[in-house]
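What follows is each chain in one-letter form.
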Amino acid sequence: MCGIIGYVGPSKVKNILLQGLSQLEYRGYDSAGIAVVGDDGSIHVEKQVGQVKNLKDHCSTMDFDGHVGIGHTRWATHGGVTRENTHPHKQGKVTLCHNGIIENYQSIITAHGFESQLVSETDTEVAAALFNENFNGDPEECIRKTVNELEGSYAFCIIFEGFADRIYCVRNVSPMVASSTKNGSLLASDLTAVIRYSRRYFVIPEYTITVLYDDHIDLFDMDGNTVTPDILEVNWDMESAQKGGYDPFMLKEIHEQPEAIRKNITPRLVNGIPNFEADGIPADAFDHIKAINVVACGTAMYAGMVGKAIIEPVIKIPVQVNIASEFRYSTPLIDSDTLTIVVSQSGETIDTLAGLRKAKECGSKVLAIVNVKGSTIARESDYVLYTHAGPEIAVAITKAYSVQLASFYLISGYMAMRRGIKTVEETREFIEKLDKTIDAISYVLDNKDIIKKAVKKISVARDCYFIGRGLDYAFSMEGSLKLKEISYIHAEAYAAGELKHGTIALIEEGVPVIAFATQDYVYNKSISNIREVKARGAYVILITKENAVIPEDICDMHLTVPIKDDLFTGLPTVAILQLIAYYTSVSKGLNVDKPRNLAKAVTVE
Ligand code: F6R
């Protein structure tokens, strides 16, 4: 949440900051601002409410620039969406941007008597006031003293008066990467803003004072010792982070799924069999565990539910799926016999990170299924399966979910073989079936026009229900989340057999119900449940496998996935659900990539 960019170098900084903020906008788009150090050392701050475009338009009419500057795009936490609450914040000799939440801001205000000097409602300005109070001409000493008093998560990007040639950064939890290039030094909340200038970067370590100069970057720990960062190399290019003919990003990312899944599974196959050696995961990592504990949020948690439905019946060990924000404050019944799998696109979700730490405290080994290389969750886990989906810019997750599912299939196949549940040949066949789902997704994408028709009823509805059993129920949850987050239509997913215990009271003439019957072992049961809603006037969109023989009048629209095996219906089914959400949002004229109130990478509790 929130995006920060900073630059020191020979180029003019204003456009670098504005361009970087556009790249980071998916992290927050309530308001945006920049601070530029002029050649005389004075600091020029500009802010605008709304999207970065507003700030760009505003700045294009103004004549200021420099070679050192910081910028911020905001997802509001403390205080409303106003110009005053927009970063950068300036207090005395300190100008800064912040990503995170300062939890003890109120006690700092009281203890230091800051009430009268604050112009915003933000916790950030309180931190700026504290940095300023602690600043006696030595920025590093000031940072050390200030972070001792701060509680919460933060990534600060700071300009101190009198130090016009550099930017300081310090962080705890909230992410920040930096890169020293031939053309100056950059830092940003994530790589999408840096990759245009360099493929080499490093993740700024926590509690490290990082100082950007035009020709190098210095890092010191809190005792003043020099720190050498681990330099990483990006494995995707700028094109991946651009729309490439698609508009918006979400449609591009939906279409990238076949390729993303291929990139996820192909390098992990040796003679057609899953192998995680190249990921640094020991061959026996899954052998002796008695349970799996999945911890994740939102879509990633729903991927975990599919993982449970794939792994439990085959491996026959319990798989518990936990909402990370609950798990972190619970008393988990796990130990070294449990493998915890944390799932996260960004690798920075704060609740998932806290869940990871809690699982480790309990003695559980942690495997992360993560998309962003070098992210905090990846670094803190015992093992990492990178999902290799490339950058995902639309706030609503699509391809990152598919590759999370693909990772669970790989794990399931691998565990089954290692435990002697499947022979090598059976494992190979299992993987071949996974591979065939890629073509099935392409089929759905090639025939997407039919889905456009399906959404006509949904886009004018107030409520929409998703029902299914078993694996279908797991997909329903993701379908319902996708629809509500980008179309603002109230949507709920229900286990189909559960409806008649209350929810069916909400079904009336014309209410859209997206019903799944892709699982043979509960096909008839699902069809009965669908009849129950149809009998009450629901507009039913039914999703089945391609050869399903469906009863007459059971639905108003029938969509199929070209898959024969129950276990593999997920990936193409989900592509249908993503397209339903996408076309609904488009037909309502909404901002598909940047739905209201949301942001990518949820780094606050
Ligand atoms: C839904 C969505 C969120 C994320 C959740 C976890 O489209 O984007 O529900 O899935 O915030 O994010 P990550 O995967 O980054 O941990």
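On a predicted model such as this, the values are computed, not experimentally measured, just so you know.

**Observations regarding the site of the ligand**
Stage number 1. Taken together, 15 residues surround the ligand, and among them S344, Q345, S346, T349 and E485 come closest.
Stage number 2. Within the backbone of V395, an N or O atom sits 3.3 Å from an oxygen atom of the ligand.
Stage number 3. Between K482 and the ligand, the recorded distance is 2.8 Å, taken from a side-chain N or O atom to an oxygen atom.
Stage number 4. Taken by itself the ligand offers 410 Å² of open surface, and the protein chains cover 89% of this.
Stage number 5. Mapped onto the shell around the ligand, the elements with two or more residues apiece are α8 (298-315) and α15 (471-487).
Stage number 6. Its residues assigned to classes, the shell around the ligand shows seven nonpolar, six polar and two charged.

**Considering the sheet that holds strand β12 (residues 209-212)**
Stage number 1. As summarised here, the arrangement of the six strands in space is β5-β6-β7-β8-β12-β13, forming an open sheet in which the pairing is antiparallel. At either end of the open sheet lies a strand with only one pairing partner, and these are β5 (89-91) and β13 (217-220). Across the sheet, the axes of successive neighbouring strands diverge by a mean angle of 25 degrees, strand direction being ignored.
Stage number 2. The sheet contact formed by strand β8 (residues 167-172) and β12 spans three bridges and is antiparallel. Bridging from a neighbouring strand, C169 pairs with T210 of β12.
Stage number 3. Helix α4 (residues 123-134) contacts β5, β6 (94-102) and β7 (152-160) of the sheet and is inclined by roughly 130 degrees relative to β6.

**Thoughts on the packing of aromatic side chains**
Stage number 1. A complete count under the given rule lists 13 aromatic pairs for this structure.
Stage number 2. Note on Y409 and F568: the rings are 5.0 Å apart at their centroids and 15 degrees apart in plane angle, and the pair reads as stacked. Placement of the pair is Y409 in helix α12 (residues 399-418) and F568 in the loop between β26 (557-561) and α17 (570-587), with a sequence separation of 159 residues. Note on accessibility: Y409 and F568 belong to one class, buried.
Stage number 3. Taken together, the ring pairs connect F135, F160, F163 and Y168 into an aromatic cluster.
Stage number 4. Directly above the aromatic system of F64 lies the positively charged group of K14, at a separation of 4.7 Å from the ring centroid.
Stage number 5. Directly above the ring of Y488 sits R596, whose terminal nitrogen or CZ lies 3.8 Å from the centroid.

Criteria and cut-off values
Each chain carries its own residue numbering, running from 1 in the direction its sequence is written. The model is predicted, so local features are restricted to residues of pLDDT at least 70 and side-chain atom pairs to those at 80 or more, both for listing and for counting; the totals for chains, interfaces and linings are taken over all residues. Where side-chain values are given, they derive from all heavy atoms of the structure, hydrogens and water being excluded. One heavy atom suffices: a residue is near a molecule or strand as soon as one of its heavy atoms comes within 4 Å of it. N or O atoms closer than or at 3.5 Å make up a polar contact, with two conditions inside protein: a donor-capable atom paired with an acceptor-capable one, and, for residues adjacent in sequence, both atoms drawn from side chains. Note that accessible areas follow from Shrake-Rupley with a 1.4 Å probe, and for residues the cover is restricted to the protein chains shown. Secondary structure elements are defined from DSSP: runs of H or I of at least 4 residues count as helices, runs of E of at least 2 residues count as strands, and each element is numbered from the N terminus. Under the scheme applied here, ten amino acids are nonpolar (Ala, Val, Leu, Ile, Met, Phe, Trp, Tyr, Cys and Pro), four are charged (Asp, Glu, Lys and Arg), and all others, including Gly, are polar. At least two bridges found by DSSP between two strands is the condition for calling them paired. Every axis corresponds to a line fitted to the C-alpha atoms, with the helix fit spanning only the stretch in contact, and the corresponding angles, defined between N-to-C directions, vary from 0 to 180 degrees. Contacts are assigned to residue pairs with any non-hydrogen atoms lying within 4.5 Å of each other. Within 6.5 Å between ring centres, the rings of Phe, Tyr and Trp (the latter by its six-membered ring) count as paired, and their orientation is classed by plane angle as stacked under 30 degrees, edge-to-face over 60, tilted in between. Working definition: with a 1.4 Å probe on protein chains only, accessible area under 20% of the residue-type maximum means buried, over 50% means exposed, and in between means partly exposed. Working rule: Lys NZ or Arg CZ, within 6 Å of ring centre, within 35 degrees of ring normal, means a charge sits over the ring.

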